[in-house]
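Below are the chains, spelled out letter by letter.
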Amino acid sequence: MSEDLLLELRDLSVSIVGKKETLPIVKGIDLHIPRGSIVGLVGESGCGKSMTAKSINNILPPFARVTGGSIIWRTEASGEVDLALLKEKEMRKKCGTEIAMVFQEPMTSLNPLMQVGEQIKEVLTIHGVERDNKKAKDRVIEMLSKVGIAEPALRYNAWPHELSGGMRQRVMIAMAMICQPKLLIADEPTTALDVTIEAQILSLIKELCRNNSMSALVITHNMGVVSTLCDYVYVMYLGSVVESAPVKELFNNPCHPYTRGLLSSIPHVGDNPEFLHTIPGNVPDMKKHFKGCDFCLRCSDDIKQCFFEKPALTETGAGHFVRCHRSLGA
Ligand SMILES: Nc1ncnc2c1ncn2[C@@H]1O[C@H](COP(=O)(O)OP(=O)(O)O)[C@@H](O)[C@H]1O
Ligand SMILES: [Mg+2]
């Protein structure tokens with residue numbers, strides 16, 4: 001596969017492994033992150049987005065496991081490595097500083113008992129990137145300024161509770177960026193923030209990617225975030241990719257009924273709030289095995305074939321893939 005891919009998930013499966021049964025959560029997905037690009041992963045809550053992200057840097061919860069496929073990481077320094085085969089310690093050594101993650105709720109990820117500057121500095125020391133205390137501190141202050149924190153030298157000594165939600169998320173991004181990662185994984189980075197702060201954080205992520213030749217995987221359930229930020233988008237439903245395309249193509253020509261549902265759920269100014277569009281039904285129970293298309297019980301466009309045969313992900317245009325019998329002309 002192409003040298004230009006920084007990360008390649010190949011037929012990746014993640015399951016919850018219990019004593020009696022194994023419950024598939026991510027069901028054989030392929031996902032590519034080319035160097036320098038921002039890739040979006042969207043879908044409703046519970047469809048497996050976070051589990052996919054956590055499998056990349058080996059921070060799955062103890063009950064979940066990668067049960068198939070590979071996670072190919074390609075850099076000049078480490079060559080080609082399958083991260084799925086590495087133990088946690090080896091993973092930290094190989095690319096601990098190269099893959100960074102930002103989560104939805106910065107308050108739970110920050111240590112409330114440590115000044116924010118010290119927390120960021122600790123990342124540099126733990127990874128042995130900068131052992132000199134003064135130099136490390138200067139680097140943190142520079143990073144705080146880069147993520148748009150005013151008076152960074154003063155803010156270095158702030159406690160997490162003294163900062164607003166938006167400022168805390170900026171601190172988290174500074175912490176993620178301090179070792180100059182090649183990939184930033186941002187899992188719902190703006191869900192807890194109000195819309196103006198959201199817009200600022202999104203443009204910050206975009207700018208940091210462009211200025212540091214960094215790639216990003218941005219996970220969200222918000223199609224607005226996707227349209228502002230991403231180059232290419234994967235739409236996930238019940239553990240599978242149902243559609244993927246370059247962002248403009250996905251918005252101009254959504255082919256899967258689920259993607260169309262997500263897009264028409266975006267409210268517009270002037271919409272009558274009593275008639276906001278929703279996708280009917282809920283994400284079905286992952287435990288129930290169904291031989292047909294996973295989406296057909298919520299689909300208004302289904303045909304007979306959808307009930308007894310799973311559609312395959314098929315390329316319908318340049319870089320545009322769809323998993324739907326109907327859109328494939330059945
Ligand atoms: N702590 C948990 N205990 C049991 N099952 C879980 C837990 N966290 C996630 N899951 C299962 O994994 C599925 C995918 O979760 P997740 O990747 O967090 O979804 P998303 O990020 O798309 O909202 C959920 O639908 C649920 O079935
Ligand atoms: Mg999630």
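Use the structure listed above.
Since the structure is predicted, the reported quantities are computational estimates derived from the model, not experimental observations. (Residues numbered from 1 in each chain as written. Chains lettered and ligands numbered in written order. Predicted model: local features only at pLDDT ≥ 70, side-chain atom pairs only at ≥ 80, totals over all residues.)

Visitor: Teacher, can you tell me more about the overall build of the protein here?
Guide: Helices and strands together make up the secondary structure of the protein, namely eleven helices and twelve strands. A globule of 330 residues ought to have a C-alpha radius of gyration of about 20 Å, and the protein, at 21 Å, matches this closely. Each principal axis of the C-alpha atoms in the protein carries an extent, and together these give about 70 × 50 × 40 Å. Classification of the 330 residues of the protein by burial places 41% in the buried group. Long-range contacts, defined as pairs at least 24 residues apart, comprise 62% of the intrachain contacts of the protein with a sequence gap of at least 6. (Helix = DSSP H or I, 4+ residues; strand = E, 2+ residues; numbered from the N terminus. Rg over C-alpha atoms; globule rule 2.2 N^0.38 Å. Buried ≥ 20, exposed ≤ 12 C-beta atoms within 10 Å, placed from the backbone. Contact = placed C-beta atoms within 7 Å.)

Visitor: Mind showing me how you'd approach the nonpolar core here?
Guide: Soluble globular proteins tend to pack their nonpolar side chains together in the buried interior. Counting 88 residues, the largest nonpolar core has Ala-174, Leu-183, Ala-216, Leu-217 and Val-235 as its most contacted members. No other element matches helix α7 (residues 165–177), which puts eight residues into this core. Ignoring anything within four residues of it in the chain, the contact list for Leu-217 reads Ile-33, Val-39, Leu-41, Ala-53, Leu-183 and Ile-185. (Core = buried A, V, L, I, M, F, W, Y, C linked by C-beta atoms within 7 Å.)

Visitor: How do you make sense of helix α11 (residues 257–264) when you look at a structure like this?
Guide: The periodicity of an α-helix, 3.6 residues per turn, causes residues three or four positions apart to be oriented the same way. Turning to α11, its buried residues are Pro-257, Tyr-258, Thr-259, Gly-261 and Leu-262. On its buried face, α11 is in contact with β3 (38–42), α9 (223–229), β9 (232–237), β10 (240–246) and α10 (247–252).

Visitor: Whenever I open this one, helix α1 (residues 49–56) confuses me. Can you help?
Guide: Within α1, seven of the eight residues are buried, which leaves it mostly tucked inside the rest of the structure. Listed as buried for α1 are Lys-49, Ser-50, Met-51, Thr-52, Ala-53, Ser-55 and Ile-56.

Visitor: I'm lost on the site of ligand 1 in this one. Help?
Guide: If you check the shell around ligand 1, you find twelve residues, and the closest are Ser-45, Gly-46, Lys-49, Ser-50 and Met-51. No other element matches the three residues that α1 contributes to the shell around ligand 1. Residue classes in the shell around ligand 1 are distributed as six nonpolar, five polar and one charged. (Near = placed C-beta within 6 Å. Nonpolar A, V, L, I, M, F, W, Y, C, P; charged D, E, K, R; others polar.)

Visitor: Looking at this structure, how should I read the pairing of strand β11 (residues 314–317)?
Guide: Each regular strand displays side chains that alternate between the two surfaces of the sheet. Taken together, the three bridges between β11 and strand β12 (residues 320–322) define a ladder with antiparallel strand orientation. When the sheet's bridge partners are listed, Gly-317 is paired in β12 with His-320. What sits between the antiparallel neighbours β11 and β12 is a turn of two residues, in which Gly-319 has the positive phi angle 70 degrees. (Pairing = 2+ DSSP bridges.)

Visitor: What should I look at first to understand the packing of helix α4 (residues 116–126) against helix α5 (residues 133–146) in this one?
Guide: To describe two helices that pack against each other, one gives the angle between their axes and the distance between the axes. Two elements in contact, α4 and α5, have axes separated by 9 Å at closest approach and are oriented at 120 degrees. The orientation of α4 relative to α5 falls into the category oblique. Read as a crossing pair, α4 and α5 show a hand that is right-handed. When α4 is examined against α5, the residues Gly-117, Ile-120, Lys-121, Leu-124 and Thr-125 are found in contact with a partner set consisting of Ala-136, Lys-137, Arg-139, Val-140 and Met-143. When its residues are assigned to classes, the contact of α4 with α5 shows five nonpolar, two polar and three charged. (Axes fitted to C-alpha atoms, helices over the stretch in contact; angles between N-to-C directions. Parallel < 35°, antiparallel > 145°, perpendicular 65-115°, else oblique. Left-handed = near helix turned anticlockwise from the far one by under 90°.)

Visitor: How do you make sense of unusual backbone geometry when you look at a structure like this?
Guide: When glycine is set aside, most residues are seen to have a negative phi, and most peptide bonds are trans. Positioned with a positive phi, Glu-151 is a non-glycine residue whose angle comes to about 45 degrees. Within the fold, Glu-151 resides in the loop between α5 and α6 (152–155). Phi angles above zero are rare outside glycine, and Leu-238 is one such case at about 50 degrees. Residue position: Leu-238 is located in the loop between β9 and β10. The exposure class of Leu-238 is buried, given the 22 C-beta atoms found within 10 Å.

Visitor: Would you mind showing me how to read the sheet that holds strand β4 (residues 64–75) here?
Guide: Backbone hydrogen bonds are what pair the strands of a sheet, in a parallel or an antiparallel way. Spatial strand order, β2-β1-β4-β5: four strands in an open sheet with antiparallel pairing. Each edge of the sheet is formed by a strand with only one pairing partner; in this case those strands are β2 (22–34) and β5 (79–82). On average, each strand axis in the sheet is inclined to that of its neighbour by 5 degrees, with strand direction left out of account. Pairing geometry for β4 and β5, over four bridges, is antiparallel. In the strand pairing of β5, Arg-74 is matched with Glu-80.

Visitor: Even after reading the chapter, I still don't get the pairing of β2, so can you show me in this structure?
Guide: Across ten bridges, the pairing between strand β1 (residues 5–17) and β2 is antiparallel. Residue pairing in the sheet places Leu-9 in a bridge with Leu-31 of β2. Counting the residues that bridge the hairpin from β1 to β2 gives four residues.

Visitor: When you look at the environment of Arg-74 in this model, what are you seeing that I'm missing?
Guide: Counting through the fold element by element, Arg-74 comes out in strand β4. Looking at Arg-74, the number of C-beta atoms within 10 Å reads 19, which means it is partly exposed. Once the C-alpha coordinates of Arg-74 and Thr-97 are considered, the two residues, 23 residues apart in sequence, prove to be 14 Å apart. The residues contacting Arg-74, other than those within four sequence positions of it, are Leu-5, Leu-6 and Glu-80.

Everything listed here is a matter of geometry and, on its own, says nothing about what the molecule does.
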